[in-house]
Amino acid sequence: MIKPRPRRNISLRLLPSATTVLAICAGLTSIRFALEGRPHIALALIGAAAVLDGIDGGIARALDAQSAMGAEIDSLADAVNFGVAPALVVYVTLLPHSPVGWIFVLLYVVCIVLRLARFNALIDDDTRPAYTREFFTGMPAPCGAVGSIGPLVAMMQFGTGWWTSTWFVCFWLAANSALLVSRVPTLALKAISVPPNAAPILLILIAGAAAGLLLFPYVLVLLIIAGYLCTIPFTIRSQRWVAARPEAWDDKPRQRRAARRESRRAAHPNRRSVARLGLRKPGG
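Read on for a plain summary of the structure. As the structure is a computational prediction, the values presented were derived from the model and not from experiment. (Residues numbered from 1 in each chain as written. Predicted model: local features only at pLDDT ≥ 70, side-chain atom pairs only at ≥ 80, totals over all residues. Heavy atoms only, no water.)

1. Quick look at a nonpolar patch on the surface
Reasoning step 1: There is a patch of nonpolar side chains on the surface, built from Val 110, Leu 114 and Val 181 and spanning about 240 Å² of accessible area.
Reasoning step 2: Position of Leu 114 relative to the elements: it lies in helix H4 (residues 99–123).
Reasoning step 3: On the basis of relative accessibility, which here comes to 48%, the residue Leu 114 falls in the partly exposed class. (Patch = residues over 30% accessible without salt bridge, like charges linked within 9 Å, V, L, I, M, F, W, Y side chains within 5 Å. Areas by Shrake-Rupley, 256 points an atom, 1.4 Å probe, with all protein chains shown as cover. Salt bridge = Lys/Arg side-chain N within 4 Å of Asp/Glu carboxyl O. Helix = DSSP H or I, 4+ residues; strand = E, 2+ residues; numbered from the N terminus. Buried < 20%, exposed > 50% of the residue type's maximum accessible area, 1.4 Å probe, protein only.)

2. A look at helix H2 (residues 39–62)
The α-helix advances 3.6 residues per turn, and as a result positions three or four apart in sequence lie on the same side.
Reasoning step 1: With 24 residues, H2 ought to run about 34 Å at 1.5 Å a step, and its terminal C-alpha atoms sit 35 Å apart, in line with that.
Reasoning step 2: In H2, a bend of some 25° at Asp 56 exceeds every other bend along the element.
Reasoning step 3: Among the residues making up H2, those that are buried are Pro 39, Ala 42, Leu 43, Leu 45, Ile 46, Ala 49, Asp 53, Asp 56 and Ala 60. (Expected span 1.5 Å × (residues − 1). Bend = angle between axes of the 7 residues up to and from the residue.)

3. Brief notes about the nonpolar core
Reasoning step 1: Core analysis: the largest hydrophobic core is formed by 41 residues, its most contacted members being Leu 94 and Tyr 108.
Reasoning step 2: Where this core is concerned, the elements lending two or more residues are helix H1 (10–35), H2, helix H3 (68–94), H4, helix H5 (141–148), helix H6 (150–158), helix H7 (166–181) and helix H9 (217–243).
Reasoning step 3: For this core, the element with the highest residue contribution is H3, accounting for seven residues.
Reasoning step 4: Beyond its immediate stretch of four places on either side in the chain, Tyr 108 contacts Phe 82, Gly 83, Pro 86, Ala 87, Gly 144, Ala 145, Ser 148, Asn 176, Ser 177 and Leu 180. (Core = buried A, V, L, I, M, F, W, Y, C linked by side-chain atoms within 4.5 Å. Contact = heavy atoms within 4.5 Å.)

4. Things to note about the packing of aromatic side chains
Reasoning step 1: Using the criterion set out here, one finds eight aromatic pairs in the structure.
Reasoning step 2: Centre to centre, the rings of Phe 168 and Trp 172 are 5.8 Å apart; their planes meet at 25°, and the pair counts as stacked. Taken together, the positions of Phe 168 and Trp 172, both in helix H7 and four residues apart, correspond to about one turn of that helix.
Reasoning step 3: For Trp 172, a relative accessible area of 18% puts it in the buried group.
Reasoning step 4: Here a set of aromatic residues connected by ring pairs shows up, and it is made of Phe 158, Trp 162, Trp 163, Trp 167, Phe 168, Phe 171 and Trp 172.
Reasoning step 5: Between the NZ or CZ atom of Arg 32 and the centre of the ring of Phe 33, over which it lies, the distance is 5.4 Å. (Phe/Tyr/Trp six-rings, centres within 6.5 Å; stacked < 30°, edge-to-face > 60°. Lys NZ or Arg CZ within 6 Å of the ring centre and 35° of its normal.)

Have a look at this one:
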């Protein structure tokens, strides 16, 4: 006689959704602290909401507790934590008396919702080539949230200046909104592979980032924003290279990187020899 499979504890199955609800509470509470004139706590709560929102999916997969309802709650949490919360915190702190600023705040929140809707629609599209799942279309919502609070973070680190002026904050929100709904590709984390020999370097970087988060959190956020902007041209180039070569669509990222290196060597076969000749001393 086959024994029935034991049902997983209902409390464990609720843990991912409970984590998502906690993330929503943290995001909404950040607005309260911004209204009370404590933006540093508001920023910390937005960061906590992002962390909780990032781990709920991993908890669901580890507990085999994935569900359609959990996916819907997670999508709504993204709209609150990465759209409504940072936009209102920025508005309350930097644009409290600007009717024009409210227009750009609304624009940002609407673009976050459109970005999430497009992401959910593309997940169910099985007709896309395999390589497209390694790139996000447009700036991801978490990156948009980090970018939107850039002027506020700069104010917390450097005080007031041109970066806190109404015109710059509105321009910054508009630029983030445009990136959210654009077709600019962003490399997904799951597509990044780290060679085994580079693992110690990665651990050192993680330790350095953790120390920076404790000692210089605002500088670290500004560096993350600058780093993301610097990666955009390279990601666009990589995505276009793959899109133009259907034979590489099903290859793994490591195989495609090797193919790109070979193509560059084939295009410039004499580059190394010229470089070596340039390093030789006269008469050597």
